Amino acid sequence: MTSLETELVREVAHLETSRAALTAMRARTEALTRADVAGDEFSAEALARALARRMESLLDDGTTPLFFGRLDFDRGSYAGETFHVGRRHITDAAGDPLVVDWRAPVSTAFYRAGAHDPLGVRQRRRFGFAGGRLTSFEDEHLTAGEESGLGSRLLTEEIERPRVGPMRDIVATIQPDQDVLVRAGLETSLCVQGAPGTGKTAVGLHRAAYLLYAYRERLSRAGVLVVGPNAEFLRYIAEVLPALGEVDVVQRTVADLVARVPVRAEDTPEALAVKGDARMAAVLAASLSGALREPDSPLVHAEPGARLRLGPGELGEIVAEARSSYLDGVPYSTARERVAHRVAERFRRQVERRGGTPTDAWVTRVARSRGMKAWLESVWPAADPAAMLARLLGDRALLAAAAAGVLSEAEQDAIAWPSVPRRPRWTAADAVLVDEAAGLLDRVPGFGHVIVDEAQDLTPMQARAIARRSTHGSLTVLGDLAQGTAIGGARDWPTLLDHLAKPGTVVTPLTTGYRMPAEIVEFANRLLPDLGADVAPARSIRRTAGALRVRAVADPVAEAVEVVRAAVAEPGSVAVISADATSARVGRALGVLADAVTVLPATLAKGLEFDTVVVIEPAAIVAAEPRGLNRLYVVLTRAVSRLTVLHREPLPARLA
């Protein structure tokens, strides 16, 4: 047996030892779940939830490698030690590490060490696996000047491995520029301008996993939120964090976050542009403050043996003070409660001057009395966010008063309703406005960290909805201005970051792609001059013969069937993308082949990746919406191995 074969046997033995240790760790946790827990019911329930999460994080399906790398140190604080790096920390019965978590400080060297700066690492080892079996390894002797980097066969194979099903983690292939972003501290907000194929989504998800590891206690209370562009995207990324042992992350679309009213209608493009504009926040605030009234008569409260009275002047001082606090950011409902409480306190002083000793409970009772509620309604009326918006849009005079000097008459006409309906047919943009109104009335619960993907498509009002949920937390903002397709979406990052309440956040570009062939990248890059985005073009480290085929055909849909028939015989995922109006026809034409591929309308392709993509009729995709060229750029950059473009109509000039 050669020395390499002997070393491989040792590594296989270490894998089996690690797998047995993981099984033992799970068994110990399972035993704890069956044990009686002393203490109150709340504590017992919290422990049970924690143990259930721990059980889930220790799952081992036998096919996922428990470690993918090894570090041998000969310098620094870890000199003489060896660490296997994997997706989770595994210890033996004595508590000694068999595998260290990829997020641990010692693992940083696996991603960043190089021949120019070994970081104390003598040798870095990468492992090759097949179906959970360890089959090979590669060594880089860094202190001797060896560094294969992206020339590593195993690294290249892992990057290029065909994709089937949902998105998977990239812990074995994170590159140094990505790792710097992943390990940024919790207090740091990031904005990543990521060209297609540069891994910005993976960076955001792995950052979530890192933060939950490094700031476990803080984020277990405050939580982490991932915001995606649509439900299809969230399904695509849903398995990444659980695979990394993190199951307590909330994943939502913006529509999910603001789902206070049922959405049953659509806006015109003109209405959508106005409703998404940040000026609508001022209109809503003006509408709410416009309902406030100055007291014009005294308030009398009768008690047994006493008749208490406050005049309009004294009442006006209380209302004015509360109005000032509301304008400074105190929620409307909180300021309203203060008015009632402070009026009740003034009544208490009158009783005290007469020799009485009213308690705090007395003050609360007076603040909630029927007479107080009736008076309060006359000067500071209670408000419901949905009803408030319905009145604003359905009352032309009220809208004109609130929008004076903010919206033009034409803009008011675009969003106004003929009257206030009994059952409004809300649109998605209305739901965001209702959420804005709710944020004026009461504080919205927030998160410790929020990750926003495809952020370039956020309208200012959607950005404000996210900002309300990250008031005391940080953000990771991911996107590509060139892929912006939404009406009212971002045209530059500083403006969007202002709406997200994180001004001054540094924008970091990612331009190097590791999976998408250069032939596809360069073809899509031809569109950049016409996309209205000041971004650097993507570049790829890979070139693949036959990665791009562009063909003029008589019937693109019929030809797509033949291309798909050949593609499904190859490993990897396959998608057929066309204009939304054509998508159903494509599905029918594929027949039983549709079960083996993903048939996507162009508007749902954003953020997804497939090994093979067939794009049908680019001209139809461009013609379908105002920012159709941007949509086409998105569609052309969904393939990570092979792209076939089929067209009968002329291609856009840049691609011809």
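Being a predicted model, the structure only gives us computed values, none of them experimental.

Novice: Help me understand the side chain of Asp179, please; the structure alone is not making it clear to me.
Specialist: Inspection of the secondary structure puts Asp179 in helix H5 (residues 176-182). The exposure class assigned to Asp179 is buried, which follows from its relative accessible area of 0%. With near-sequence residues (within four places) excluded, Asp179 lies in contact with Thr108, Tyr111, Arg112 and Ile174.

Novice: Just checking my understanding: could you explain a positive patch on the surface for this structure?
Specialist: Where like charges cluster on the molecular surface, the positive patch consists of Arg264, Arg422, Arg423 and Arg425. Here Arg425 shows up in the loop between helix H19 (409-415) and helix H20 (428-441). Owing to a relative accessible area of 55%, Arg425 belongs among the exposed residues under this scheme.

Novice: Sorry if this is basic, but what is going on with the pattern of salt bridges here?
Specialist: It is possible for side chains bearing opposite charge to pair when their charged atoms get close. Following the criterion strictly, the structure yields 45 salt bridges and no others. A salt bridge links Arg126 to Glu140, with the nearest nitrogen and oxygen atoms 3.7 Å apart. Of the two residues, Arg126 sits in strand E5 (residues 121-130) while Glu140 sits in strand E6 (residues 133-141), which places them 14 residues apart along the sequence. Each member of the pair, Arg126 as well as Glu140, carries the same accessibility label: buried. When the shortest N-O distance is used, the salt bridge between Arg631 and Glu625 registers 2.6 Å. For the pair formed by Arg631 and Glu625, the shared burial category is buried. A network of salt bridges, in which partner residues are shared, links Glu7, Arg10, Glu11, Arg70, Asp72, Arg122, Arg125 and Asp139.

Novice: Which parts of the structure should I look at to understand empty space enclosed by the protein?
Specialist: Summary: where empty space remains is shown by rolling a probe the size of a single water molecule over the atoms. For the structure shown, the criterion picks out two cavities of 30 Å³ or more. Taken as a whole, the second largest cavity encloses approximately 30 Å³ of empty space. In this structure, the second largest cavity is lined by Pro196, Met516, Val521, Ala524, Asn525, Ala538, Tyr633 and Thr637. A per-element tally of the lining of the second largest cavity places helix H23 (residues 518-525) first, with three residues. Along the lines of polarity and charge, the residues of the lining of the second largest cavity split into six nonpolar, two polar and no charged.

Novice: So what exactly am I meant to see when it comes to helix H12 (residues 279-289) here?
Specialist: Those residues of H12 not exposed but buried are Met280, Ala281, Val283, Leu284, Ser287 and Leu288. In a view along the axis of H12, the buried residues occupy a sector of 160 degrees, so they form one face of it.

Novice: What is the right way to look at the sheet that holds strand E21 (residues 639-647) in this model?
Specialist: Sheet strands pair via backbone hydrogen bonds, and the direction of the pair is either parallel or antiparallel. The strand order E17-E21-E20-E18-E19 describes an open sheet built from five strands, whose pairing is parallel. Each of the sheet's edge strands pairs with one partner strand only, and the pair in question is strand E17 (548-552) and strand E19 (598-601). Geometrically, the sheet is characterised by an average inter-axis angle of 20 degrees between neighbouring strands, direction not taken into account. Of the strand pairs in this sheet, strand E20 (residues 610-616) and E21 are connected by six bridges, and their pairing is parallel. Within E21, the residue paired with Ile616 across the bridge is Leu646. Sheet strands in contact with H23 are E17 and E21, and its direction is about 50 degrees off that of E21.

Novice: Would you mind showing me how to read the packing of aromatic side chains here?
Specialist: Ring pairs (aromatic) are described by centroid distance and by the angle formed between their planes. Considering all chains together, one arrives at eleven aromatic pairs under this definition. Geometrically, the ring pair formed by Phe67 and Phe127 is edge-to-face, given 5.1 Å between the ring centres and 70 degrees between the ring planes. Taken as a pair, Phe67 in strand E1 (residues 67-73) and Phe127 in strand E5 lie far apart in primary sequence, 60 residues in all. Of the two residues examined, Phe67 and Phe127, each falls in the buried class. Sitting above the plane of the Phe137 ring, Arg125 keeps its charged end 4.2 Å from the centroid.

Novice: Looking at this model, I keep getting lost on the sheet that holds strand E12 (residues 449-452). Mind explaining?
Specialist: Within the open sheet, the six strands sit side by side as E9-E8-E12-E13-E7-E14. Their pairing is parallel. Looking along the sheet, the strands with just one partner apiece sit at the ends: strand E9 (249-253) and strand E14 (507-510). Here the average twist between neighbouring strands, direction ignored, is 15 degrees. Where strand E7 (residues 190-194) lies against strand E13 (residues 474-479), four bridges are found, and the strand directions are parallel. Residue pairing for E13: Cys191 is matched across the bridge by Val477.

Novice: Help me understand the packing of helix H14 (residues 332-353) against helix H16 (residues 370-379) in this model?
Specialist: At a minimum axis separation of 11 Å, H14 and H16 run at an interaxial angle of 130 degrees. Taken as axis vectors, H14 and H16 run oblique relative to one another. Our pair here, H14 against H16, has a crossing hand that is right-handed. For the pair formed by H14 and H16, the contact residues are Arg336, Val339, Ala340, Val343, Ala344 and Phe347 on the first element and Met372, Trp375, Leu376 and Glu377 on the second. Its residues assigned to classes, the contact of H14 with H16 shows eight nonpolar, no polar and two charged.

Novice: Whenever I open this one, the nonpolar core confuses me. Can you help?
Specialist: Nonpolar side chains in soluble globular proteins tend to be buried together. In this structure, Trp102, Val343, Trp375, Trp380, Ile466 and Leu636 are the most contacted members of the largest nonpolar core, which totals 160 residues. Sequence-distant contacts of Trp380, that is, excluding residues within four places in its chain, are made with Leu292, Val319, Ala322, Arg323, Tyr326, Tyr332, Ala335, Arg336 and Val339. Counting residues in hydrophobic clusters, the runner-up holds 16 residues, among them Val563, Val564, Val586 and Leu590.

Novice: Explain the pairing of E12 to me, please; I cannot follow it from the model alone.
Specialist: Working note: regular strand, side chains alternate between the two faces of the sheet. Burial of the side chains of E12 extends over both faces: His449 and Ile451 are buried on one face and Val450 and Val452 on the other. Relative to E12, strand E8 (residues 224-228) runs parallel, the two sharing four bridges. Counted as the bridge partner of Val224 is His449 from E12. Relative to E13, E12 is paired through four bridges, and the arrangement is parallel.

Reading the values: the criteria
- Residues numbered from 1 in each chain as written.
- Predicted model: local features only at pLDDT ≥ 70, side-chain atom pairs only at ≥ 80, totals over all residues.
- Heavy atoms only, no water.
- Helix = DSSP H or I, 4+ residues; strand = E, 2+ residues; numbered from the N terminus.
- Buried < 20%, exposed > 50% of the residue type's maximum accessible area, 1.4 Å probe, protein only.
- Contact = heavy atoms within 4.5 Å.
- Patch = residues over 30% accessible without salt bridge, like charges linked within 9 Å, V, L, I, M, F, W, Y side chains within 5 Å.
- Areas by Shrake-Rupley, 256 points an atom, 1.4 Å probe, with all protein chains shown as cover.
- Salt bridge = Lys/Arg side-chain N within 4 Å of Asp/Glu carboxyl O.
- Lys, Arg positive; Asp, Glu negative; His and termini not counted.
- Charge placed at Lys NZ, Arg CZ, Asp CG, Glu CD.
- 1 Å grid on protein atoms, 1.4 Å probe; cavity = no way out; pocket = protein on both sides within 12 Å on 5 of 7 lines; lining within 4 Å.
- Points joined across faces, edges and corners; volume = space filled by probe spheres on them.
- Nonpolar A, V, L, I, M, F, W, Y, C, P; charged D, E, K, R; others polar.
- Arc of directions from axis to C-beta.
- Pairing = 2+ DSSP bridges.
- Axes fitted to C-alpha atoms, helices over the stretch in contact; angles between N-to-C directions.
- Phe/Tyr/Trp six-rings, centres within 6.5 Å; stacked < 30°, edge-to-face > 60°.
- Lys NZ or Arg CZ within 6 Å of the ring centre and 35° of its normal.
- Parallel < 35°, antiparallel > 145°, perpendicular 65-115°, else oblique.
- Left-handed = near helix turned anticlockwise from the far one by under 90°.
- Core = buried A, V, L, I, M, F, W, Y, C linked by side-chain atoms within 4.5 Å.

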